[in-house]
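# Results of the structural survey
Spelled out, the chains give:
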Amino acid sequence: MTIFKDYTGSAMLNNALQTIEALTNQHISTVDADTLLKLFRNPYSDGLHTLIRLNKRLKSYTMLFSKNGPLFNDKEFGEAIYNQLISGILENVEGEGPYTCELSGLKFKTTFDAFYEQTLRKVGYPVSKINGKDKTVNRCWFPLLGGLGSDAQALPQAKYALTVHPICLAIMQFLPLSAVLYKGGILLVDSSNYELSRILIAKYAAHIKDKIGTVSANAVVDNVKDFSKGNYILDILDIVAFKEQADKTTAINLWSFTNSGTGASCEIDRIPNQLIVKLLKLYRNPSLRPTLEGILKNPKIQSDFLECLEGNIDFYGLYPNKNSDGVSIRFYEEYQRLVGNEDKLEYAKYIAHLLGKGEWSKAQYKFLEKSDAPNSDYALYKSMVFESMVGAASRKEWHWAHHISVLNNPERIPVDGTISRMYRMVHFYYLTLSADDDVTMPPVPDIASSPIGQSINLFFHLMGEDKRSYSSRWLGTRYQEGNPLPLLIRESSRLYEFETVYSLLFDSENRQNAYGLRDILRIYLNYYRNEPTPRLVFQPTELLPKPSVEQSYYIKNFRQFVDEYIHYYRDGRNKGRLDEEKFRQHVLVPMRRESFQIAQWIDSVSESMTELEKELEQPFAPSIPPEKLLYDYMGKYNPSFTRFAIEYLLNQFYHQSLLSLTTV
């Protein structure tokens with residue numbers, strides 16, 4: 001009778017079934033009990049071997065089943081018990097009964113321990129010792145399977161042993177004939193693509209057979225341990241790439257387990273279908289396959305390569321170093337496309353082209369020839385890349401929208417000006433491109449409909465409105481010393497709300513961050529270095545980030561204080577009248593001086609407001625204490641921000657007052 005119609009839900013049992021398929025050259029659905037019995041007695045159909053003798057010689061057997069079974073733990077009766085037990089099960093296969101196997105779903109009525117007891121009696125085992133003999137299903141018969149007969153194998157809360165059809169335990173005895181090593185343990189192939197795992201198991205069964213043929217008849221057969229993860233993956237790719245199952249979803253788990261001694265363990269490496277699809281893109285290309293094979297056969301880098309490819313991360317092994325010339329441009333670009341960096345390739349190549357056009361000193365040229373230049377001196381490499389971009393901008397060969405597109409975090413506001421993730425890619429092209437390679441400037445992207453685009457265009461608008469024309473400060477090498485806050489106070493205060501511009505320069509911890517903005521402004525102004533800076537219209541701001549609840553409450557304190565101060569200045573000191581020019585000269589102009597001290601000013605005006613309240617018996621005293629202005633919502637003493645906020649809001653009031661006069 002045939003036993004299995006198809007594979008089971010147990011990967012370990014399936015590997016044993018596929019080993020039998022490899023030995024018989026039959027599908028498991030056609031393998032009957034008689035075939036299994038013949039295979040047990042003559043697995044290679046050559047009359048030279050029996051499964052008992054092979055399992056005694058194969059080192060993999062004890063890694064699978066330990067040394068506690070009869071084959072290794074009973075010199076007097078061991079082989080007889082093993083032979084009789086497996087033969088008895090194969091000669092009496094059952095398909096009906098009250099028990100259901102938890103591994104295969106097969107029905108049966110005679111349990112393994114019943115077969116075991118019958119076996120002991122048939123081989124003449126001492127009757128007085130039969131009851132004390134452990135006859136349960138355990139890891140001596142099925143790897144990693146706990147049993148109630150041993151404290152070391154059963155979980156403390158276990159109440160009953162697993163129900164397993166005896167035929168499954170007999171079939172498992174064939175697994176050593178395809179067992180190869182992986183990471184120091186036995187490899188188990190677990191795949192959703194059964195055809196793939198069947199072909200792999202057949203290949204490993206052939207390895208074992210060849211290994212057996214290279215040693216004498218009674219010699220121990222060492223494990224096949226010549227392969228690493230990369231080799232096994234190459235086996236998978238070779239099978240999947242050029243066969244009909246190439247279009248199937250193929251996920252595979254590579255188990256590495258050992259069942260021997262007290263160190264029984266299992267580790268599983270999951271190789272998802274998505275990773276296999278990526279690898280196939282490289283493997284199917286004849287010009288890229290040798291490089292892929294070289295990487296996967298290199299135990300020092302294969303795991304990192306696979307981890308990076310699966311995680312869509314740039315891989316260090318692609319790049320030139322002291323020991324390697326790196327990969328070809330074709331392999332490099334295909335890898336970057338697979339990990340989602342295709343849009344960066346054009347920019348990296350172009351920036352490398354700009355770097356090559358730079359006029360550098362001999363020392364700088366020598367530095368650029370180093371394979372690890374971006375890492376060996378990050379600051380120098382960063383400055384050289386940026387200066388090459390600035391020079392290109394002055395020649396209309398680099399646009400500020402290009403610059404935004406290569407930022408590490410182009411969605412972040414305040415602008416994060418770092419482009420360090422591009423450096424390694426840029427330097428790869430710098431070292432590999434030739435003078436004959438055609439490199440063109442990427443199309444200028446449209447950034448106006450993005451938050452960062454609105455952020456930058458707002459500053460461009462202010463720069464065009466700035467009558468003082470301090471733009472020259474942003475053109476030179478000391479551009480990072482430029483402070484954008486005076487520009488905001490002068491121009492933005494008459495055009496935009498404080499909340500709008502607040503998040504453009506201050507982060508969630510209320511720290512000013514203008515480095516990225518200054519980078520982009522320098523590119524922008526150099527782009528128009530030889531022509532007037534464009535005058536932009538009022539810019540949309542609906543995509544810009546809004547202040548958080550904590551920030552809004554903090555800003556509310558400033559608005560309240562400024563409103564109370566204006567009420568004091570206009571309605572108290574000036575009897576309800578406001579001379580805008582005197583307000584500008586006496587309040588706003590002094591604030592612009594570098595020597596201005598905001599803390600003393602707050603204390604002084606608070607005191608004056610309180611005194612006026614007492615004098616006129618009207619509400620002029622401030623309701624906001626100075627510490628709520630000078631200490632931000634993070635609890636930090638932050639007088640520079642306090643000065644900026646108060647000055648901005650007072651200037652906003654001034655501009656609105658002038659507008660009211662003009663309207664009237």
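The structure displayed is predicted, hence computed values, not measured ones.

Reading the values: the criteria
- Residues numbered from 1 in each chain as written.
- Predicted model: local features only at pLDDT ≥ 70, side-chain atom pairs only at ≥ 80, totals over all residues.
- Heavy atoms only, no water.
- Helix = DSSP H or I, 4+ residues; strand = E, 2+ residues; numbered from the N terminus.
- Rg over C-alpha atoms; globule rule 2.2 N^0.38 Å.
- Buried < 20%, exposed > 50% of the residue type's maximum accessible area, 1.4 Å probe, protein only.
- Areas by Shrake-Rupley, 256 points an atom, 1.4 Å probe, with all protein chains shown as cover.
- Lys, Arg positive; Asp, Glu negative; His and termini not counted.
- Charge placed at Lys NZ, Arg CZ, Asp CG, Glu CD.
- Disulfide = S-S within 2.5 Å.
- Polar contact = N/O pair within 3.5 Å; in protein donor to acceptor, adjacent residues only side chain to side chain.
- Phe/Tyr/Trp six-rings, centres within 6.5 Å; stacked < 30°, edge-to-face > 60°.
- Patch = residues over 30% accessible without salt bridge, like charges linked within 9 Å, V, L, I, M, F, W, Y side chains within 5 Å.
- Salt bridge = Lys/Arg side-chain N within 4 Å of Asp/Glu carboxyl O.
- Axes fitted to C-alpha atoms, helices over the stretch in contact; angles between N-to-C directions.
- Parallel < 35°, antiparallel > 145°, perpendicular 65-115°, else oblique.
- Contact = heavy atoms within 4.5 Å.
- Nonpolar A, V, L, I, M, F, W, Y, C, P; charged D, E, K, R; others polar.
- Pairing = 2+ DSSP bridges.
- Core = buried A, V, L, I, M, F, W, Y, C linked by side-chain atoms within 4.5 Å.
- Left-handed = near helix turned anticlockwise from the far one by under 90°.

## What about the overall build of the protein chain?
- A tally of regular secondary structure across the protein chain gives 30 helices and 6 strands.
- Here the C-alpha radius of gyration of the protein chain, 39 Å, is well above what a compact globule of 664 residues would show, namely 26 Å.
- A principal-axis box enclosing the C-alpha atoms of the protein chain has dimensions of 120 × 70 × 40 Å.
- Burial analysis of the protein chain (664 residues in total) assigns 51% to the buried set.
- Carbon and sulfur atoms make up 48% of the accessible area of the protein chain, which amounts to about 31800 Å² in all.
- Looking at the protein chain, you have 75 positive and 78 negative side-chain charges, and the mean spots of the two groups are 4 Å apart.

## Observations regarding the state of the cysteines
- The full count for this structure, using the stated rule, is 0 disulfides.
- In this structure C101 is not part of a disulfide, and its nearest cysteine sulfur, from C168, lies 3.9 Å away.
- With a relative accessible area of 4%, C101 lands in the buried category.

## Structural notes on the environment of A217
- Summarising the element assignment, A217 is placed in the loop between α10 (194-213) and α11 (229-241).
- By relative accessible area, which is 61% here, A217 ends up exposed.
- For the pair formed by A217 and R559, sequence separation is 342 residues and the distance between their alpha carbons is 95 Å.

## With respect to the side chain of E491
- Looking at the secondary structure, you find E491 in the loop between α23 (485-490) and α24 (498-505).
- Taking relative accessible area as the criterion, E491 reaches 5% and is therefore assigned buried.
- Polar side-chain contacts of E491 include one of 3.0 Å to the side chain of R494.

## Observations concerning the packing of aromatic side chains
- For the structure shown, the criterion picks out 56 aromatic pairs.
- For the ring pair F558 and F641, a centre distance of 5.8 Å and an interplane angle of 75° mean the geometry is edge-to-face. One end of the pair, F558, is in helix α26 (residues 549-573); the other, F641, is in helix α30 (residues 639-663), with 83 residues separating them in the sequence. Each member of the pair, F558 together with F641, is buried.
- Taking the centre distance of 6.4 Å and the plane angle of 70° together, the rings of F561 and W601 count as edge-to-face. Note that F561 is positioned in helix α26 and W601 in helix α28 (residues 598-616), a separation of 40 residues in sequence.
- For F561, a relative accessible area of 1% puts it in the buried group.

## A short note on unusual backbone geometry
- With an omega of 0°, the peptide bond between I413 and P414 qualifies as cis.
- In this fold, P414 is placed in the loop between α20 (400-405) and α21 (423-432).
- At N510, a position not held by glycine, the phi torsion is positive, near 65°.
- By the secondary structure assignment, N510 is in the loop between α24 and α25 (515-527).
- With relative accessibility at 2%, the residue N510 sits in the buried group.

## Here we look at a negative patch on the surface
- Judged by side-chain charge, D603, E607, E611 and E615 come together as a negatively charged surface patch.
- Checked against the element boundaries, D603 lands in helix α28.

## A look at the packing of helix α19 (residues 378-394) against α21
- Between α19 and α21, whose axes approach to 12 Å, the crossing angle comes to 75°. One way to sum up the angle between α19 and α21 is to call them roughly perpendicular. Where α19 abuts α21, its residues Y378, Y381, K382 and V385 lie against Y423, V426 and H427.
- Tallied by class, residues from the contact of α19 with α21 come to 5 nonpolar, 1 polar and 1 charged.

## Comments concerning the pattern of salt bridges
- Per the stated rule, a full pass over the model turns up 30 salt bridges.
- Residues D235 and K203 are paired through a salt bridge, measuring 2.7 Å at the closest nitrogen-oxygen approach. In this pair, D235 sits in helix α11 while K203 sits in helix α10, placing the two residues 32 residues apart along the sequence.
- For D235, a relative accessible area of 13% corresponds to the buried category.
- Exposure remark for K203: the relative accessible area of 35% places this residue in the partly exposed category.
- For E531, the salt bridge identified is with K396, shortest N-O distance 2.7 Å. Pair noted here: E531 is in the loop between α25 and α26 and K396 is in the loop between α19 and α20, with a separation of 135 residues, a long-range link.
- Since its relative accessible area comes to 33%, K396 is described here as partly exposed.
- When salt bridges with common partners are traced through the structure, they connect E333, E334, R337, E342 and K349 into a single cluster.

## Focus: the sheet that holds strand β4 (residues 185-191)
- Spatially, the 4 strands line up as an open sheet ordered β3-β4-β5-β6, and their pairing is antiparallel. What marks the edges here is a single partner per strand, and that holds for β3 (181-182) and β6 (265-271).
- Sitting on the sheet, α10 touches β4 and β5 (252-258), and the angle it makes with β4 is about 150°.

## Quick look at the nonpolar core
- The biggest cluster of nonpolar side chains holds 216 residues, and the ones touching the most others in it are I167, L237, F305, W398, W601, I646 and L650.
- Residues within four places of I646 in sequence aside, it is in contact with F558, F561, V562, M591, I598, W601 and I602.

## Some details on the packing of α26 against α28
- Running from N to C, α26 and α28 cross one another at 50°; their axes reach a closest spacing of 11 Å. Between α26 and α28, the interaxial angle falls into the category oblique. The way α26 lies across α28 gives a crossing that is left-handed. Along its contact with α26, which presents F561, E564, Y565, Y568, G572 and R573, the element α28 presents W601, I602, V605, S606, S608, M609, L612 and L616.
- Residues belonging to the contact of α26 with α28 are distributed by class as follows: 9 nonpolar, 3 polar and 2 charged.

## Brief notes about helix α2 (residues 33-41)
- All buried positions along α2 are accounted for by A33, T35, L36, L37, L39 and F40.
- Those residues of α2 that are buried are in contact with α1 (11-24), α3 (51-57), α6 (78-91) and α9 (166-172).

## Observations regarding the environment of L659
- Tracing the backbone through its elements, the reader meets L659 in helix α30.
- Residue L659 is classed as exposed on the basis of its relative accessible area, which comes to 56%.
- Between the alpha carbons of L659 and R494 there is a distance of 9.4 Å; along the sequence they are 165 residues apart.

## Brief notes about the pairing of β5
- Buried residues dominate β5, accounting for 7 of its 7 residues.
- Every second residue of β5 is oriented toward a common face, with I252, L254, S256 and T258 on one face and N253, W255 and F257 on the other, all of them buried.
- In this structure, β5 lies alongside β6, joined through 7 bridges in antiparallel fashion. Bridging across to β6, S256 finds its partner in E267.

Keep in mind that these numbers describe shape and distance, not what the molecule does.
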